[in-house]
Each structure stands twice: as structure tokens, then as C-alpha cells.
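Results of the structural survey
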Amino acid sequence: DTGVSQNPRHKITKRGQNVTFRCDPISEHNRLYWYRQTLGQGPEFLTYFQNEAQLEKSRLLSDRFSAERPKGSFSTLEIQRTEQGDSAMYLCASMRQGEGMGEKLFFGSGTQLSVL
Amino acid sequence: AQSVTQLGSHVSVSEGALVLLRCNYSSSVPPYLFWYVQYPNQGLQLLLKYTSAATLVKGINGFEAEFKKSETSFHLTKPSAHMSDAAEYFCAVRGTGNQFYFGTGTSLTVIP
């Protein structure tokens, strides 16, 4: 168990550019979540996958955001035409669904995005 | 709908003193509640979880939390603070779907 891995750790980009983040969950975890966290706030849900299926998306996720999990393993989160308001920490979490409602999330260290 | 509210964005305690971090929940169904801790430059880690088995839940690092339905609370406590407890603490509730809703966090400072 190597934990949830996120790359890159930091990303600086100019407004209007596209960025893509990657998340590698714990290998046997079938559920994967993306969250966004800004300073002084708790993680805000963006979207989640069960295997390769994207089952739910938050209203926070504008059409500039897209997430994929093509083979039910790693996931990518792409932001197109970045805006300064997109600057945040993007967190990925995974868990193994099936043990009841008390399953716990395992979080990665996040990708810090700064849009200049 | 489910949500949690954390009272106090910053808490300072002296080393060896009692730690009390407050969390109140709102849920239309029996809640599943969690406390996570986030150390600087690290991901969130689960401290403990309540899944209706017992109202007093013990977690890692000497932390515990008590579920009080009458007060809709799930406060986190530790009898004696240690310097290594300095971190950000988040209360969370699991929704009826598969979402987890987090509070805004409480930053704990431990004064030597």
C-alpha cells in the first residue's frame, strides 16, 4: 500500500491556460473522489468515480472542468481556460466501497494550483 | 441534506491541557461522522469515525469523540495536548449518497 499519489505537487500557470492533474489511488480502491480546498476552508466535493464510471458531479464543477478515470485506476482532472478563482489545492481521495457507510477516505497530499 | 459546522476556526491550548474541538451536524438520517487531521504539507488522515455502534469513539493518538444526538454534536477531545497535535482538524459527515461533507476546519495550536 503506497497510498494515494498526486502529481504534480505544485502547478503555476497563466490565466487562460489548460492544466491537468493526475491521481493514482490505492490499488484495490474502486471509488475515487476529487475535492477542492481553499485557504481557511474545508475540502469541497467536486466529483467521484466508482471504477471508471463518473457517478456524481458537484454544481461547483463548471464545464471548464473535466475528470476521467479511463480504466478504473488512475484519474485525471483537467481545467480548461484557467481563471484566478481556480487557484486552490486539489485533493484526490480513494476508498474501497463495500464495507458499509463507515468506509474511510484515504487522501493524497494534493496539487496546489496557482493561476497568475 | 447533511452538513457539519465547526465552531472556532482557531483553538490554542497549552501543552498538557485538555483539547476540545467542536462539531455540530445536521442530518435528516442517522449520520456517519468522521474527524480527519491534516498536518502541514500532508493529506488528510482519519482520526476516528462514528457509525452508530457506540456513542463514544476512540481514535488514534489519544483522541476520542462522543456522539450526542440530543445536541447534534460530535466534539473531539484529548485529555492532554502534545506539541505534535498541532494541525488542522476537520469534521465530516457522510451523506445519503456517497458524498462526504467537510466542515471549514479548526486550526489547533499547542503552546509549550
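For the structure, check the block above.
Quick look at the structure, then. (Residues numbered from 1 in each chain as written. Chains lettered and ligands numbered in written order. Predicted model: local features only at pLDDT ≥ 70, side-chain atom pairs only at ≥ 80, totals over all residues. Heavy atoms only, no water.)

Our focus in this paragraph is the pattern of salt bridges. Residues and elements named next belong to chain A. By the definition in use, this model includes five salt bridges over all chains. Across the pair Arg22 and Asp24 runs a salt bridge whose closest N-O atoms are separated by 2.7 Å. In the salt-bridge network here, residues are joined through shared partners; they are Arg64, Glu83 and Asp86. (Salt bridge = Lys/Arg side-chain N within 4 Å of Asp/Glu carboxyl O.)

Before going further, it helps to spend a moment on the state of the cysteines. Working definition: the covalent bond between the sulfur atoms of two cysteines is a disulfide. For the structure on display, the rule yields two disulfides over all chains. Here Cys23(A) connects covalently by a disulfide to Cys92(A), the sulfurs 1.9 Å from one another. Judged by the sign of its S-S torsion, about -70 degrees, the cystine formed by Cys23(A) and Cys92(A) is left-handed. Of this pair, Cys23(A) sits in strand β3 (residues 19-24) while Cys92(A) sits in strand β9 (residues 88-95), and the two are 69 residues apart along the sequence. On the accessibility criterion, Cys92(A) (0% relative accessible area) is buried. Note that Cys23(B) is cross-linked by a disulfide to Cys91(B), the S-S spacing being 1.9 Å. Looking down the S-S bond of the Cys23(B) and Cys91(B) bridge, the torsion is -60 degrees, so its handedness is left-handed. You can see Cys23(B) sitting in strand β3 (residues 19-26) and its partner Cys91(B) sitting in strand β9 (residues 87-94), a full 68 residues away along the chain. Comparing Cys23(B) with Cys91(B) shows no difference in burial state: the two are buried. (Disulfide = S-S within 2.5 Å. Helix = DSSP H or I, 4+ residues; strand = E, 2+ residues; numbered from the N terminus. Buried < 20%, exposed > 50% of the residue type's maximum accessible area, 1.4 Å probe, protein only.)

Before going further, it helps to spend a moment on the sheet that holds strand β1 (residues 5-7) of chain A. All names here are of chain A. The strand order across the open sheet built from four strands is β1-β3-β8-β7, with neighbouring strands paired in antiparallel fashion. The strands lining the two open edges of the sheet, one partner per strand, are β1 and β7 (65-68). When the angles between neighbouring strand axes are averaged without regard to direction, this sheet yields 15 degrees. Where β3 and strand β8 (residues 75-79) come together, five bridges link them in antiparallel fashion. Counted as the bridge partner of Thr20 is Glu78 from β8. (Pairing = 2+ DSSP bridges. Axes fitted to C-alpha atoms, helices over the stretch in contact; angles between N-to-C directions.)

Once that is clear, we can look at the sheet that holds strand β7 (residues 64-68) of chain B. Residue and element names in this part refer to chain B. Spatial strand order, β1-β3-β8-β7-β6: five strands in an open sheet with antiparallel pairing. Strand pairing shows two members of the sheet lacking a second neighbour, β1 (3-7) and β6 (56-58), which therefore form its edges. Along the sheet, successive strands turn relative to each other by an average axial angle of 20 degrees, direction set aside. Both β3 and strand β8 (residues 73-78) contribute to a ladder of four bridges, which runs antiparallel. By the bridge assignment, Val19 is partnered in β8 with Lys78.

The values reported here are purely geometric and, on their own, carry no functional implication.
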